[in-house]
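For reference, the chains in residue letters:
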Amino acid sequence: MKKILFFTALTASLIIALVSCKDGLDLDALRAEEVAMLEEYIEKNGIETTPTKTGMYYIETVAGTGDSLIKVGDRVEISYVGTLLSTEKEFDKSDPYEPYKFTVGSSDVIAGMSEGMTYMRLGGKARLIIPSNLAYGASNSSGLPRFSTLIFDVEVLKHTKSDSNK
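The paragraphs below set out a description of the structure included in this document. (Residues numbered from 1 in each chain as written. Predicted model: local features only at pLDDT ≥ 70, side-chain atom pairs only at ≥ 80, totals over all residues. Heavy atoms only, no water.)

1. Some thoughts on helix α2 (residues 27–44)
Here is step 1: Look at α2: 26 Å from first C-alpha to last across 18 residues, which is about the 26 Å you get at 1.5 Å a residue.
Here is step 2: Taken together, the buried positions of α2 are Glu34, Leu38, Tyr41 and Ile42. One face of α2 carries all of its buried residues, which in axial projection span an arc of 100°. Away from the buried face of α2 by more than 90 degrees, exposed residues Asp28, Glu39, Glu40, Glu43 and Lys44 are located.
Here is step 3: Contacts made by the buried residues of α2 are with β1 (57–62), β5 (125–130) and β6 (150–160).
Here is step 4: Its side-chain oxygen placed 3.2 Å from the backbone nitrogen of Asp28, Asp26 serves as the N-cap of α2.
Here is step 5: Count one or two residues on from α2 and you reach Gly46, which has phi positive near 60°. (Helix = DSSP H or I, 4+ residues; strand = E, 2+ residues; numbered from the N terminus. Expected span 1.5 Å × (residues − 1). Buried < 20%, exposed > 50% of the residue type's maximum accessible area, 1.4 Å probe, protein only. Arc of directions from axis to C-beta. Contact = heavy atoms within 4.5 Å. Polar contact = N/O pair within 3.5 Å; in protein donor to acceptor, adjacent residues only side chain to side chain.)

As structure tokens, then:
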């Protein structure tokens, strides 16, 4: 009986593995391609900013005038335009009449957007170059290609400190 259960579990595992790999994607090759495109973009655009520990590039274009940096747990309202690094085509933007609102560090936004906010102050503008490990990674469920580096031009329109950050 144990042998039957073992072989049934083994067969099911093999079927799952085959089905999940049926599209024949080489995820390591896709990730390497992303890294190469990012390096080429950085060089082509003369970007001298050092990436953060997580690999994101934060490029301040206008210094904010707020009294403090935004922290995890704070609420912000931003305007943004998102483009794909690979095509340099816009894929998303905030409504010009309704800023995008979220809590920094929440699951409402990708990790790279939250990280980028922690370098900013109210009124600040920046370009965030966010590698896929801080965005959607190997997933294409967001409608974007797997391993897409994203570029966001953002402006902080409102900053509300959380009670724990006051």
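There's plenty left to go through after this.
2. Details of the environment of Thr65
Here is step 1: Mapped onto the elements of the fold, Thr65 is located in the loop between β1 and β2 (75–84).
Here is step 2: By relative accessible area, Thr65 is classed as exposed at 72%.
Here is step 3: Along the backbone, Thr65 and Met120 are 55 residues apart, and their C-alpha atoms lie at a distance of 9.5 Å.
Here is step 4: Discounting chain neighbours no more than four positions away, the residues touching Thr65 are Arg121 and Leu122.

3. A few points about the nonpolar core
Here is step 1: Membership of the largest hydrophobic core comes to 24 residues, with the highest contact counts inside it found for Ile78, Met113, Met117, Leu128, Phe152 and Val154.
Here is step 2: The contact partners of Val154, leaving out residues within four places of it in the chain, are Ile78, Ser79, Tyr80, Met113, Met117, Met120, Gly124, Lys125, Ala126 and Leu128.
Here is step 3: Core analysis: the next-biggest nonpolar cluster, separate from the first, contains nine residues, Tyr57, Ile59, Ile129 and Ile151 among them. (Core = buried A, V, L, I, M, F, W, Y, C linked by side-chain atoms within 4.5 Å.)

4. A few points about the environment of Thr87
Here is step 1: For Thr87, the location among the structural elements is in the loop between β2 and β3 (90–93).
Here is step 2: Spatially, the C-alpha atoms of Thr87 and Ser148 are 10.0 Å apart, while their sequence positions differ by 61 residues.

5. Points about the layout of surface pockets
Rolled over the atoms, a probe as big as a water molecule pinpoints where empty space is left.
Here is step 1: Approximately 200 Å³ is the volume attributed to the largest pocket.
Here is step 2: What lines the largest pocket is a set of 14 residues, and nearest its centre among them are Tyr80, Asp92, Val109, Tyr136 and Phe152.
Here is step 3: Secondary-structure elements contributing two or more residues to the lining of the largest pocket are β2, β3 and β4 (100–103).
Here is step 4: Each residue belonging to the lining of the largest pocket can be placed in one class, and the counts come to 11 nonpolar, one polar and two charged.
Here is step 5: Estimated volume of the second largest pocket: approximately 160 Å³.
Here is step 6: For the second largest pocket, the full set of lining residues is Leu30, Glu33, Glu34, Met37, Leu85, Ser86, Pro145, Arg146, Phe147, Ser148 and Thr149. (1 Å grid on protein atoms, 1.4 Å probe; cavity = no way out; pocket = protein on both sides within 12 Å on 5 of 7 lines; lining within 4 Å. Points joined across faces, edges and corners; volume = space filled by probe spheres on them. Nonpolar A, V, L, I, M, F, W, Y, C, P; charged D, E, K, R; others polar.)

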